[in-house]
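# Understanding the architecture of this molecule
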Amino acid sequence: MSDLINIFVKAAFVENMVLIYFLGMCSYLAVSKTIKTAVGLGAAVIFVLAITAPVNWIIRETLLVEGALSWISPALADQSFEFLGLIIYIGVIAAMVQLVEMVIEKFSPALYMSLGIFLPLITVNCAILGGTLFMIAKEYSLAESTVFGIGSGFGFFLAIVALAAIREKIKYSAVPAPLRGLGMAFIITGLMGLAFMGLMGIKL
Amino acid sequence: MSEVNTKKLLTDPLDDNNPITVQVLGVCSALAVSGSLKNALVMAVAVTFVTAFSNLTISLLRNYIPSRIRMIVQLVVIAFLVTLVSISLKAFLFDLSKELSVYVGLIITNCIIMGRLEAFAIGNKPVDSFLDGVGNGIGYGLILVIVGFIRELFGTGALLGFTFFGEEARHGIEFLKHGFFNDFFHNGLMVLPISSIFILGILIWIQRSRNAELIDIS
């Protein structure tokens, strides 16, 4: 149990998807103009990551790794289908995002309108595919990868809401005109990243 | 189509419509793989290849793809091309592919590719789309190479294996022994991915100071 808590804390803070690995930056920078949309996108990302990480883990273990299909015929015992991995993972993610899109459209049309194009673009949010690829690289078990998925989603949520809050306040400051908006968002992200790097030494 | 337009397709993404600094697409990989100039160059070539050919393919198919499932079709095309790149990197440049690790796979989710497919290839002729892909790939690569150049030079004091700063920087070249070249020591921050965020912020600042049309009003 304490293992799982460690993985959660590590994924959310010490190895934050956005501020340490810089994945999912596009939607992070583009949707962080107001706190409200940031919360909506953050929640959607938590949900998608929490489902795709374990689903992709199961698919990989039962279909793709070397010898996984040996029950069909002995000839497949030393056959690995890992080269198909990327296509399959992205397919699972696309299906999940489609599902989330339908749910949000049904229950919160206002949020659906404000997220706009960035809802389908969660599919190509690197943080999601990155979650799956990191989970494979770290050789987690099923429970661990579920917690890892939720943890990294929570990390994304935290980062995007924090940036949105800062950007809402910084509108009233005297930022040089060419730096306003995107330029400032980059620099704020950099400073937040520096702060998060302070957590790096923590061994869990 | 006139000569001017063809040229515009190729040159616009280099500056006024740069995928990274103006369209905010493909930022993640730009931050992660720009640690050394060599990685940046390989990544730039790989992404240019994938954008150009995915644009071409989708543009050829654009009249046959039903719009409801177009995302999945696009992803399959992109994933196919990225798998090609990933496998050939493993075969010919194994060390480099280890170093780039997950980031080659993450080209699939590089928003530049999907973004250009949605914004351009889905409604334009194949040749134009191909050029648009090449232009955007090069625009992306340009930023990557600038950032990679700054980070590698000031972070490690070397560039593509040739040392410029500090004790080892002799090579029998006279001017490297004096002044700034001799005194400068590596800047540890430049090695970390975080530095590329600041470099990108400053690049955006410079670009928008030169071209007032790009300034955010909000």
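Here, every reference points to the structure presented above.
A brief structural summary.

### A few points about the overall build of chain A
- Summing up its helical and strand segments, chain A has eight helices and zero strands in all.
- Listing the helices and strands of chain A from first to last along the sequence gives α-α-α-α-α-α-α-α.
- Across its three principal directions, the C-alpha atoms of chain A cover 70 × 45 × 30 Å.
- The buried share of chain A, taken over its 204 residues, is 50%.
- Of all intrachain contacts in chain A linking residues separated by at least 6 positions in sequence, the fraction that spans at least 24 positions is 75%.
- Just so you have it, chain A exposes about 8,900 Å², and 71% of that area is on carbon and sulfur atoms.
- Averaged over its 11 positive side-chain charges, chain A has a centre that lies 20 Å from the centre of its 11 negative ones.

### Things to note about the interface of chain A and chain B
- Contacts between the two partners involve 39 residues from chain A and, on the opposite side, 37 residues from chain B.
- Regarding the contact of chain A and chain B, the summed buried area is about 3,500 Å², with carbon and sulfur atoms giving 84% of it.
- The largest share of the area that chain A buries against chain B comes from A:Phe22, A:Pro178 and A:Phe186, three residues that together contribute 19% of it.
- Viewed at the interface, chain B and chain A are joined by zero salt bridges.
- Counting only elements with at least two residues in the side of chain A that touches chain B, the list comes to α2 (25-30), α4 (85-107), α6 (126-137) and α8 (182-197) of chain A.
- In terms of residue count, α8(A) provides more of the side of chain A that touches chain B than any other element does, 10 residues in total.
- Looking at the side of chain A that touches chain B residue by residue, the class counts come to 28 nonpolar, 10 polar and one charged.

### Brief notes about the packing of α4(A) against helix α4 (residues 70-92) of chain B
- Where α4(A) meets α4(B), the axes come as close as 9 Å, and the angle between the chain directions of the two elements is 155 degrees. In terms of orientation, α4(A) and α4(B) fall into the roughly antiparallel class. Two packed elements cross with a definite hand, and for α4(A) against α4(B) that hand is right-handed. Between α4(A) and α4(B), the contacting residues are A:Leu86, A:Ile87, A:Ile90 and A:Ala94 on the first element and B:Ile72, B:Leu75, B:Ala79, B:Phe80, B:Val82 and B:Thr83 on the second.
- Along the lines of polarity and charge, the residues of the contact of α4(A) with α4(B) split into nine nonpolar, one polar and no charged.

### Quick look at the environment of B:Gly148
All names here are of chain B.
- Mapped onto the secondary structure, Gly-148 falls in helix α8 (residues 126-156).
- Residue classification places Gly-148 among the buried residues on the basis of a relative accessible area of 0%.
- Through-space distance from the C-alpha of Gly-148 to that of Ile-199 is 10.0 Å; in sequence the pair is 51 residues apart.

### Some remarks on the pattern of salt bridges
Residue and element names in this part refer to chain A.
- Within this structure, the stated rule accounts for three salt bridges over all chains.
- One salt bridge connects Lys-138 with Glu-15, and the closest N-O pair in it is separated by 2.5 Å. A residue pair is termed long-range when its members are at least 10 positions apart, and Lys-138 in the loop between α6 and α7 (142-170) and Glu-15 in the loop between α1 (2-14) and α2 qualify at 123 residues.
- Close ionic contact of Glu-61 with Arg-60 constitutes a salt bridge, the shortest N to O distance being 3.5 Å.
- Judged by its relative accessible area of 35%, Glu-61 is partly exposed.
- Arg-60 gets classed as buried once you look at its relative accessible area, which sits at 15%.

### Overview of the packing of aromatic side chains
- The full count for this structure, using the stated rule, is six aromatic pairs over all chains.
- An angle of 50 degrees between the planes, with centres 5.4 Å apart, marks the rings of A:Tyr140 and A:Phe148 as tilted. Accessibility classification places A:Tyr140 together with A:Phe148 in one group, the buried group.
- Ring geometry for B:Phe53 versus B:Phe130: centroids 5.5 Å apart, planes at 75 degrees, classification edge-to-face. Of this pair, B:Phe53 sits in helix α3 (residues 37-61) while B:Phe130 sits in helix α8; the two residues are 77 residues apart in sequence, bridging distant segments of the chain.
- Ring-pair connections join several aromatic residues into one group, and the members of that group are A:Phe8, A:Phe154 and A:Phe157.

### Considerations on the environment of B:Arg208
Residues and elements named next belong to chain B.
- Here Arg-208 shows up in helix α11 (residues 194-210).
- Taking relative accessible area as the criterion, Arg-208 reaches 4% and is therefore assigned buried.
- Once the C-alpha coordinates of Arg-208 and Asp-16 are considered, the two residues, 192 residues apart in sequence, prove to be 9.5 Å apart.

Rules used in this analysis
Along each chain, residue indices are assigned from 1 in the same order as the chain's sequence is written. As a convention, the first chain written is A and the first ligand written is 1, with the rest following in written order. Given that the model is predicted, a residue must reach a pLDDT of at least 70 before its local features are reported, and side-chain atom pairs must reach 80 or more before they are shown or counted; all residues, however, enter totals for whole chains, interfaces and linings. Excluded from the side-chain calculations are hydrogens and water; all other atoms, namely the structure's heavy atoms, are used. What counts as a helix is a DSSP run of H or I of at least four residues, what counts as a strand is a run of E of at least two, and both are numbered from the N terminus. Only protein chains enter the accessibility calculation, which uses a 1.4 Å probe. A residue is then buried if its area is under 20% of the maximum for its type, exposed if over 50%, and partly exposed in between. Here, residues are in contact when the closest pair of their heavy atoms is within 4.5 Å. In this description, accessible areas are obtained by the Shrake-Rupley approach with a 1.4 Å probe, and a residue is regarded as covered only by the protein chains that are shown. Neither His nor the chain termini are counted; the positive set is Lys and Arg, and the negative set is Asp and Glu. Each charge is placed at NZ for Lys, CZ for Arg, CG for Asp and CD for Glu. Put simply, buried area is how much 1.4 Å-probe accessible surface two parts lose in total, over both of them, once they are put together. The term salt bridge refers to a pairing of a side-chain nitrogen on Lys or Arg with a carboxyl oxygen on Asp or Glu at a separation within 4 Å. Lys, Arg, Asp and Glu make up the charged group, whereas Ala, Val, Leu, Ile, Met, Phe, Trp, Tyr, Cys and Pro make up the nonpolar group; the residues left over, Gly among them, are polar. Angles shown run from 0 to 180 degrees and are taken between the N-to-C directions of axes, each axis being a line fitted to C-alpha atoms and, for helices, limited to the stretch in contact. An angle below 35 degrees is read as roughly parallel, one above 145 as roughly antiparallel, one from 65 to 115 as roughly perpendicular, and any other as oblique. In this scheme the crossing of two helices becomes right-handed for a clockwise turn of the near helix relative to the far one and left-handed for an anticlockwise turn of less than a right angle. Under the pairing criterion, centres of Phe, Tyr and Trp rings, with the six-membered ring standing for Trp, must be within 6.5 Å; the plane angle then separates stacked pairs below 30 degrees from edge-to-face pairs above 60, leaving the rest tilted.

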